[in-house]
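Coordinate inspection notes
Residues per chain, in single letters:
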Amino acid sequence: MQCERKNVERLSPDIAANYINAYGQLQDIELDIQQKLFDAMGGEAPHLKQQSLPLPTVKVIRENDEISIAIQGSGEFQWVFETENQQCQHQGNVLAGHPLVLPANLTVGYHSLLLKQQEKQWHCTVIVAPKRCYIPAEIEKGKKLWGANIQLYTLRSNRNWGIGDFGDLQHLVGEIATRGGSFVGLNPIHSLFPANPESASPYSPSSRSWLNIIYIDVDSVADFQLSEQGKRWWDLAETQARLHSARTSDLVDYSTVTELKLTALTFAWQQFSLREKADSLRLAFEQFVDERGESLYWQAAFDALHATLMAQNEAYWGWPVWPEEYRHADSPSVKQFCTEHQDEIAFWSWLQWLAWQQFSDCWQRCRDANMPIGLYRDLAVGVTQGGAETWFDSKLYCTQASTGAPPDILGPLGQNWGVAPFNPYTLVERAYAPFIDLIRANMENCGALRIDHVMSLLRLWWVPEGESAARGAYVRYPVDDLLAILALESQRMKCMVIGEDLGIVPEEIVSKLHDYGVFSYKVLWFEHDDQRQARPPEMWAEQAMAVISTHDMATLKGYWEGHDFVLGEQLGLYPDANMLAHLRQDREAVKQGLLTALRSRNTDNPLANGHLSADEVSQDLVEQLHRFVAGSSSALLGLQPEDWLGIKEPVNIPGTSYEYPNWRRKLTNTLEEMFASQHVNRLIEEVDKQRNPLS
């Protein structure tokens, strides 16, 4: 067994043999788990292969650092170095065993090094990155910004089709901007599974490079308004009844909403197809298709094929259970399908274009309102094993493992998110091109990008197929290279980066994130000392996003009243009664610490304490907690509409899937009602005064 352990560690040193758990203890990883993960990565040793090459596939350095590349092998080589866009070329000779020193003071960007020896040649991508991510000028000047963090699907309005959409987002942007807000933060809006609409988790996407077409505002699609068939369908009593039911339900009815929207958009597509070849919209769509290339094509092909197969058998949830001939994108059967269903593929491409257009319009609304950040998107940590990305690029992902988290206080049994991780070795072999493309796609049309579980740039908890969430191991990623690329794309896209760094955070990444200008996440419930005394907001980290709660935690009301414990106990999320009792006791201590802090800040005006209780949530408590966190030193403050409206039910309970209606709960009020509320407007006004005392 000892020999086996050495073999695994030698072939894949990036699979951890142990780790420090949530209780500060060193915990070993069982040998069979290490072996399973090594097999999931392909059972190869790419890093040994890299060592046998004269030069690496990719070299990443920071701006103004010396570029020296060790040349392996034997004999003399010729080299040619071209800067990005072939703007400048250098060349020369170098002997094996000697370093190749490239020109100093290269501009940031993606450069090319070609090494030749007789008939052989090798290529290295040289990436020169800035030292920090982009930070908006307002933050650099010391301004404190605030905004609303929303789950887009939860939005109600008098006009949407039963789910928040890009039309609602435009409305919300306007309301937040006029009240002094600087941004609207979104849940991941990645492409999901239109043919299987109940697979609704935004953190389990089919593709992270494309958009969720369910968010299309159908009313704003010109060709739906022009379609006579669409008008007749719209006027049907059955259509209106189903629409009313979807709009008024407390939970998002994904199946009904998707069916309604796809029916309407099919009529719109038929109308769009009648446009003249020189029509401006047709030309814009064709240009979009040309520019987005294979990535868009395969996304559309997947959605078209999935819809066809699901119509035959509802058990075909994803490609791993499709008929064998369709499980690989490069198969003859898939090629034949694509040839015979070109119109369907064009339809799904068109839907992506519509979604992109409408989201771009939301971004333009932010710019017109002079919002310093505008929209900020959320990048999920991975994609599902059965989605579009793993289907057409299977070598990039390790589908025999899924990512998650080891047991911790919030998830005592550990978490298995059911998403496939990037193969770190494939990333290096491809000179990080998939990561670069991913970041670019998610930084488009927004001013900030939140990276969910940002520790994934350093390491990810992999769970082998068939194992429980606790039986996994950490797999390391080339964090310095990934952060450098992130900084480069951030500067080019003028998009700041926010890293969700909650949970088990290794010390080695904390300083790296800070140095690169990645903003941290600070949650009110966790900002206290070891005695559970609340940390004064003036002492909160400046390079951070401050929040009261998140989508993975209880709402303000749910937290204060312990509703999350009630739900967790009902759902069997706690290993034993002792742990639950300990968590309740700790919660009470945190609440008392906050009450003490709130009262101490109002010593000059005791009446300002109003009705503050550790047992119930009053309007006074809500307002004071908002003022408390709004007074933090953190440059960013993100608030949830759920806490303005006093909603108790969480939108998601980690560790559950079908046991709880995750990702379905709507807000209790429409946008129109919420922004007509005196209570909500007073709350927002107080927050804005705290963040902008001189305005």
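For the structure, check the block above.
Keep in mind the model is a prediction, meaning the values are calculated, not measured.

**Structural notes on the nonpolar core**
The tendency in soluble globular proteins is for nonpolar side chains to be buried side by side. Leu169, Trp350 and Trp525 are the most contacted members of the largest nonpolar core, which has 201 residues in total. In terms of residue count, the dominant contributor to this core is helix H12 (residues 342-368) (twelve residues). Contact partners of Trp350, with chain neighbours within four places excluded, come to Val221, Leu265, Ala268, Trp269, Phe272 and Phe285. Counting residues in each nonpolar core, the second largest holds 19 residues, with Leu55, Ile67, Ile69 and Leu102 among its members.

**Comments concerning helix H8 (residues 237-248)**
An α-helix turns once every 3.6 residues. As a result, residues three or four positions apart point the same way. End to end, H8 covers 16 Å across twelve residues, agreeing with the expected 16 Å (1.5 Å per residue, within 8%). Within the sequence span of H8, burial applies to Thr239, Leu243 and Ala246. Take H8 and look down its axis: the buried residues cluster within an arc of 65 degrees, on one side only. Residues of H8 that are exposed and point over 90 degrees away from its buried face: Ala237 and Glu238. On its buried side, H8 packs onto helix H7 (228-235) and helix H9 (254-272).

**Looking at the packing of helix H10 (residues 280-312) against H12**
Remark: H10 packs on H12, axes separated minimally by 6 Å, with the N-to-C direction vectors making an angle of 120 degrees. With respect to H12, the axis of H10 lies oblique. Crossing geometry of H10 relative to H12 is assigned as right-handed. Partitioning the contact of H10 with H12 into residue classes produces 17 nonpolar, four polar and three charged.

**Remarks on the packing of helix H15 (residues 433-443) against helix H16 (residues 479-493)**
One way to put it is that H15 packs onto H16 with a least axis distance of 10 Å and a crossing angle of 35 degrees. Taken as a pair, H15 and H16 cross one another with a handedness that is right-handed. Contacts between H15 and H16 involve Phe435, Ile436, Ile439, Arg440 and Met443 from the first element and Leu482, Ile485, Leu486, Glu489, Ser490, Arg492 and Met493 from the second. A per-class count over the contact of H15 with H16 returns eight nonpolar, one polar and three charged.

Procedures and definitions
- Residues numbered from 1 in each chain as written.
- Predicted model: local features only at pLDDT ≥ 70, side-chain atom pairs only at ≥ 80, totals over all residues.
- Heavy atoms only, no water.
- Core = buried A, V, L, I, M, F, W, Y, C linked by side-chain atoms within 4.5 Å.
- Buried < 20%, exposed > 50% of the residue type's maximum accessible area, 1.4 Å probe, protein only.
- Helix = DSSP H or I, 4+ residues; strand = E, 2+ residues; numbered from the N terminus.
- Contact = heavy atoms within 4.5 Å.
- Expected span 1.5 Å × (residues − 1).
- Arc of directions from axis to C-beta.
- Axes fitted to C-alpha atoms, helices over the stretch in contact; angles between N-to-C directions.
- Parallel < 35°, antiparallel > 145°, perpendicular 65-115°, else oblique.
- Left-handed = near helix turned anticlockwise from the far one by under 90°.
- Nonpolar A, V, L, I, M, F, W, Y, C, P; charged D, E, K, R; others polar.

None of this, on its own, says anything about what the molecule does.
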